[in-house]
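Summary of structural features
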Amino acid sequence: QSRVLLPGVGNDAAMVGMYDDGWVRLSAFDYSPKGVERAAALFGERRLEDLRVADARSLPYADASFDAALEKGVLDAIYLAGGPDAEACAAMLQRAVDELERVVRPGGLVFSASAVATPYLPAAFAQRSGAWRMVRDGSLWLTEEEGYASINVQATMLAWVRCG
């Protein structure tokens, strides 16, 4: 069974559905202790292998410990944490992508539903030549029937496979 990392899980009830559909090796984190409390309430005691407070720019997981990471807006939030300085935004984003590179095994996948950081993500994943191969370039939008994304913004789907 694939081991999946859920960054910024917070109040995302859709991830509970993943577990209920058979994805049982889920580990999750959120930057906010309140987000972790909310996720614990949503998932219950048995649905997550690991749930903790963590910073996506300095992950507490072993190298190559996940087969995939599914993030919905976390990289956007990290990018915005750089404030009005574009270089600071890019540096924050790069630190998070570098950590994903470290914890996702070669052959593993990172899926991103992004809005704000969409134009900057390809460069961040391409920073280390040959580390990632883009498999979803953003030409497919993630929306529900009503035209809204599950993260309440019009999100772009991006995905990379970890080379290695």
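Structure report, in brief. (Residues numbered from 1 in each chain as written. Predicted model: local features only at pLDDT ≥ 70, side-chain atom pairs only at ≥ 80, totals over all residues. Heavy atoms only, no water.)

Focus: the pattern of salt bridges
- By the definition in use, this model includes 12 salt bridges.
- Across the salt bridge formed by Arg47 and Asp20, the nearest N and O atoms sit 3.2 Å from each other. Linking Arg47 in the loop between helix H2 (33-43) and strand S3 (50-53) with Asp20 in helix H1 (residues 14-20), this pair joins segments that are 27 residues apart in sequence.
- You can call Arg47 partly exposed: its relative accessible area is 24%. (Salt bridge = Lys/Arg side-chain N within 4 Å of Asp/Glu carboxyl O. Helix = DSSP H or I, 4+ residues; strand = E, 2+ residues; numbered from the N terminus. Buried < 20%, exposed > 50% of the residue type's maximum accessible area, 1.4 Å probe, protein only.)

Things to note about the packing of aromatic side chains
- The final tally for this structure, using the stated rule, is 5 aromatic pairs.
- Relative to Tyr61, the ring of Phe29 lies with its centre 6.3 Å away and its plane at 50°, an arrangement referred to as tilted. Here Tyr61 lies in the loop between S3 and strand S4 (66-72) and Phe29 lies in strand S2 (residues 26-30), a separation of 32 residues in the sequence.
- Since its relative accessible area comes to 3%, Phe29 is described here as buried.
- Here Tyr79 and Tyr120 contribute two aromatic rings whose centre-to-centre distance is 4.5 Å and whose plane-to-plane angle is 15°, an arrangement assigned as stacked. One end of the pair, Tyr79, is in helix H3 (residues 74-80); the other, Tyr120, is in the loop between strand S5 (104-114) and helix H5 (121-126), with 41 residues separating them in the sequence.
- Take Tyr79: its relative accessible area is 9%, and that puts it in the buried class.
- Taken together through their ring pairs, the aromatic side chains of Phe29, Tyr61 and Phe66 make up a single cluster. (Phe/Tyr/Trp six-rings, centres within 6.5 Å; stacked < 30°, edge-to-face > 60°.)

Section: empty space enclosed by the protein
- One pass over the structure, following the stated rule, counts 1 cavity of 30 Å³ or more.
- Space inside the largest cavity adds up to approximately 40 Å³.
- Surrounding the largest cavity, Pro7, Phe29, Ala56, Leu59, Glu71, Val74, Leu75, Ala96 and Leu100 form its lining.
- For the lining of the largest cavity, the secondary structure elements donating two or more residues are H3 and helix H4 (86-103).
- Here the residues of the lining of the largest cavity are counted per class, giving 8 nonpolar, no polar and 1 charged. (1 Å grid on protein atoms, 1.4 Å probe; cavity = no way out; pocket = protein on both sides within 12 Å on 5 of 7 lines; lining within 4 Å. Points joined across faces, edges and corners; volume = space filled by probe spheres on them. Nonpolar A, V, L, I, M, F, W, Y, C, P; charged D, E, K, R; others polar.)

Observations concerning the layout of surface pockets
- Taken as a whole, the largest pocket encloses approximately 440 Å³ of empty space.
- Every residue lining the largest pocket is counted, 26 residues in all, and those nearest its centre are Gly8, Asp30, Gly73, Val74 and Ala77.
- Elements with a minimum of two residues in the lining of the largest pocket: strand S1 (4-7), S2, S4 and H3.
- When residues in the lining of the largest pocket are grouped by element, the largest group, 5 residues, is from H3.
- Residues that form the lining of the largest pocket fall into these classes: 15 nonpolar, 4 polar and 7 charged.
- By volume, the second largest pocket is sized at about 150 Å³.
- Lining the second largest pocket are Val4, Met18, Trp23, Ala68, Ala69, Leu70, Leu109 and Phe111.
- Looking at the lining of the second largest pocket, the elements that each hand over two or more residues are S4 and S5.
- With 3 residues, S4 is the single largest residue contributor to the lining of the second largest pocket.
- When its residues are assigned to classes, the lining of the second largest pocket shows 8 nonpolar, no polar and no charged.

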